[in-house]
Amino acid sequence: MKKKIIRILIVMMTAALLLTGCGQTTATNTSTAASGNSDFDAIIKEAKGTTVNFYGWGGDELRNKWLDTVVAPDLKKKYDITLNRVPMDIDQILSKLSGEKQAGTAKGSIDMIWINGENFYSAKENGFLYGPFTQKLPNFQKYIDANAKENNYDFGYPIEGYEAPYGKAQMVMINDSAVAPETPKNTAELLEFAKKYKGKVTYPALPDFTGSAFVRNIICDIVGYEQFAAMPADKETVKQAIMPAITYLKELNPYLWKEGKTFPATSGQVDNMFADGELVLDMSYEPYSITTQIANGKYPATAKTFLFDKGTIGNTNYIAIAQNSPNKSGAMVAVNEILSAEMQASQFSELKALPVVDNTKLSDSEKKLFDSVDTGKGTIAQKDLLAKRIPEMPAKLVPIIEQIWQEEVVGK
């Protein structure tokens, strides 16, 4: 009888322990899940009624309008956050951050920063940025492919959660099919194109962003891009690697506008020269910018974009948060909202900026938001663009390439 009672007691104790264990596991899981939500809920609560200062280049009027009339009202309505857009060139932004750091300013004037490439490299290396923060954002978890190379490296430099993707871009070239119907598929054909339309082809002087990207694309077409991924930032090493492309660019010079003795200062100037018929070739790092140019009558309806067969350079632009931001909570809420499917679809529709969301993570209704976007005349389908997308070079190599171009190509 005693043995039977003992067996019963053992069974009851075991059951009790199992039930207790299950209860603890459930409580822990519930607590963990709630913690993730409550953490961001707390950030939202802290951000309510605040102002977020968003610093970035102000030369894109369409983007300015989208931020002011779509993003800002959305943040105000949903979270009672005021978005204050501050137009400023990135070099001035970095200078401001540097000055505040040197002065020991704990609460600066900048919250969010539109940034990428060598500027992100410089800002992160100098400790100007807050992070990591992307893992705190629910929409980063929900919509972004955290394993994608472009969400881990910006121009080959580790992101490590210090900036969130904003929009994608990719280099395209533009011709007027009614005037110069040829679409060069490589650098050899581009040289023949320039010879045929002598004096009517050029590109922006480096370090203009588009001009620099165009030269890097020439380099990739001639010598590839793989070797640059782990290349040290040594001028002689870089020069030796890109010399075949430098030789090509010098060979191209005699057939360019002003025979390559000088180059237009900005991409905007090249755009205007193309629009006026002074040039037969244009280029853009915004693959769908042609849609707007045709719609507003600046470019003819016969203008079209094209790519090299080996592909063109693509990159992602990002939003970072200043290390001394006085409103990190508000900035994180704003970035999280911009990463939503609705905002990314709106940006794609209004600005024709390639979205950063992972299509496989979208619901059917969300996919329809993107599929319904008309990219307009003269454009290349998104899937065809991405199929010929090659990576950017490491940020540390870009200024070296620009310096070599200045020394070896201009007027040569």
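Described in the following lines is the structure provided in the data block. (Residues numbered from 1 in each chain as written. Predicted model: local features only at pLDDT ≥ 70, side-chain atom pairs only at ≥ 80, totals over all residues. Heavy atoms only, no water.)

### Here we look at the pairing of strand S1 (residues 51-56)
The side chains of a regular strand alternate between both faces of the sheet.
Step number 1: For S1, the tally of buried residues reaches 5 of 6 residues, placing the bulk of the element in the interior.
Step number 2: Direction of pairing for S1 relative to strand S2 (residues 82-87): parallel, over a ladder of 6 bridges. Within the sheet, the bridge partner assigned to Val52 lies in S2 and is Leu83.
Step number 3: Each parallel crossover has a hand, and the one from S1 via helix H2 (residues 61-79) to S2 is right-handed.
Step number 4: Alignment of S1 against strand S3 (residues 112-115), held across 2 bridges, turns out to be parallel. The partner of Tyr55 across the bridge, within S3, is Ile113. (Buried < 20%, exposed > 50% of the residue type's maximum accessible area, 1.4 Å probe, protein only. Helix = DSSP H or I, 4+ residues; strand = E, 2+ residues; numbered from the N terminus. Pairing = 2+ DSSP bridges. Right-handed = clockwise from strand over helix to strand, strands pointing away.)

### Topic: helix H8 (residues 235-252)
Step number 1: Approximately 60° is the largest bend angle found in H8, and it occurs at Ile242, with the proline Pro244 only one to four residues beyond.
Step number 2: Taken together, the buried positions of H8 are occupied by Val238, Ala241, Ile242, Ala245, Ile246, Tyr248, Leu249 and Leu252.
Step number 3: The inward-facing, buried residues of H8 abut helix H6 (187-196), helix H7 (209-223) and helix H15 (398-408). (Bend = angle between axes of the 7 residues up to and from the residue. Contact = heavy atoms within 4.5 Å.)

### A look at the nonpolar core
Step number 1: One finds Tyr203, Leu249 and Trp405 to be the most contacted residues of the largest nonpolar core, which totals 46 residues.
Step number 2: Looking at this core, the elements that each hand over two or more residues are H6, H7, H8, strand S8 (281-284) and H15.
Step number 3: The dominant element in this core, judged by the number of residues it contributes, is H8, at 8 residues.
Step number 4: Each residue touching Tyr203, except ones within four places of it in the same chain, is listed here: Gly211, Phe214, Val215, Leu249, Leu256, Phe263, Pro264, Val270, Met283, Trp405 and Val409.
Step number 5: In terms of nonpolar packing, the next biggest core, distinct from the first, is built from 35 residues, Tyr79, Leu83, Tyr130 and Ile338 among them. (Core = buried A, V, L, I, M, F, W, Y, C linked by side-chain atoms within 4.5 Å.)

### Regarding the packing of aromatic side chains
Step number 1: If you walk through the whole model with that rule in mind, you get 13 aromatic pairs.
Step number 2: Judged by centre distance (5.8 Å) and plane angle (65°), the rings of Phe120 and Tyr157 are edge-to-face. Residue Phe120 is located in helix H4 (residues 117-125), and its partner Tyr157 is located in strand S5 (residues 157-158); the two are separated by 37 residues in the primary sequence. Here Phe120 and Tyr157 have matching classes, each one buried.
Step number 3: A connected cluster of aromatic rings, assembled from ring pairs, spans Tyr203, Phe214, Phe263 and Trp405. (Phe/Tyr/Trp six-rings, centres within 6.5 Å; stacked < 30°, edge-to-face > 60°.)

### With respect to the packing of H7 against H8
Step number 1: Taken N-terminus to C-terminus, the directions of H7 and H8 make an angle of 115°; their axes are 9 Å apart at the nearest point. Relative to H8, the element H7 is oriented roughly perpendicular. Every pair of crossing elements has a handedness; the one defined by H7 and H8 is right-handed. Where H7 abuts H8, its residues Val215, Ile218, Ile219, Ile222 and Val223 lie against Ala241, Ile242, Pro244, Ala245, Tyr248 and Leu249. (Axes fitted to C-alpha atoms, helices over the stretch in contact; angles between N-to-C directions. Parallel < 35°, antiparallel > 145°, perpendicular 65-115°, else oblique. Left-handed = near helix turned anticlockwise from the far one by under 90°.)

### With respect to the environment of Phe133
Step number 1: Among the secondary structure elements, Phe133 is positioned in the loop between H4 and helix H5 (138-143).
Step number 2: For the pair formed by Phe133 and Cys220, sequence separation is 87 residues and the distance between their alpha carbons is 33 Å.
Step number 3: Look past the residues within four positions of Phe133 in its chain and what remains in contact with it is Gly161, Tyr162, Glu163, Ala164, Ile319, Ile321, Met332 and Val335.

### A short note on the packing of H2 against helix H11 (residues 328-338)
Step number 1: In the contact formed by H2 and H11, the axes pass within 11 Å of each other and the chain directions differ by 115°. At the point where H2 passes H11, the crossing takes the right-handed sense. In this structure, H2 uses Val71, Asp74, Leu75, Lys78 and Tyr79 to contact H11, whose residues at the interface are Val333, Ala334, Glu337 and Ile338.

### Remarks on the sheet that holds strand S7 (residues 172-176)
Step number 1: Strands sit in the order S8-S7-S9 across an open sheet of 3 strands; the sheet is antiparallel. Unpaired on one side and paired on the other, S8 and strand S9 (303-306) mark the two borders of the sheet. When strand polarity is set aside, the average angle formed by the axes of neighbouring strands in this sheet is 30°.
Step number 2: Bridge count for S7 against S9 is 4 bridges, and the pairing is antiparallel. Considered in S9, the bridge of Asp176 is made with Ala303.

### As for the pattern of salt bridges
Step number 1: Within this structure, the stated rule accounts for 14 salt bridges.
Step number 2: As a salt-bridge pair, Arg389 and Glu150 come within 2.6 Å of each other at their nearest N and O atoms. On the criterion of sequence distance, the pair formed by Arg389 in strand S11 (residues 389-390) and Glu150 in the loop between H5 and strand S4 (153-154) is long-range, its members being 239 residues apart.
Step number 3: Close ionic contact of Asp384 with Lys383 constitutes a salt bridge, the shortest N to O distance being 3.4 Å.
Step number 4: In the salt-bridge network here, residues are joined through shared partners; they are Asp74, Lys78 and Glu337. (Salt bridge = Lys/Arg side-chain N within 4 Å of Asp/Glu carboxyl O.)

### Things to note about the side chain of Asn317
Step number 1: Relative to the elements of secondary structure, Asn317 occurs in strand S10 (residues 312-321).
Step number 2: Assessed through its relative accessible area of 9%, Asn317 is described here as buried.
Step number 3: With sequence-adjacent residues up to four places away left out, Asn317 is seen in contact with Trp114, Ile115, Asn116, Ala164, Pro165, Tyr166, Gly167 and Lys168.

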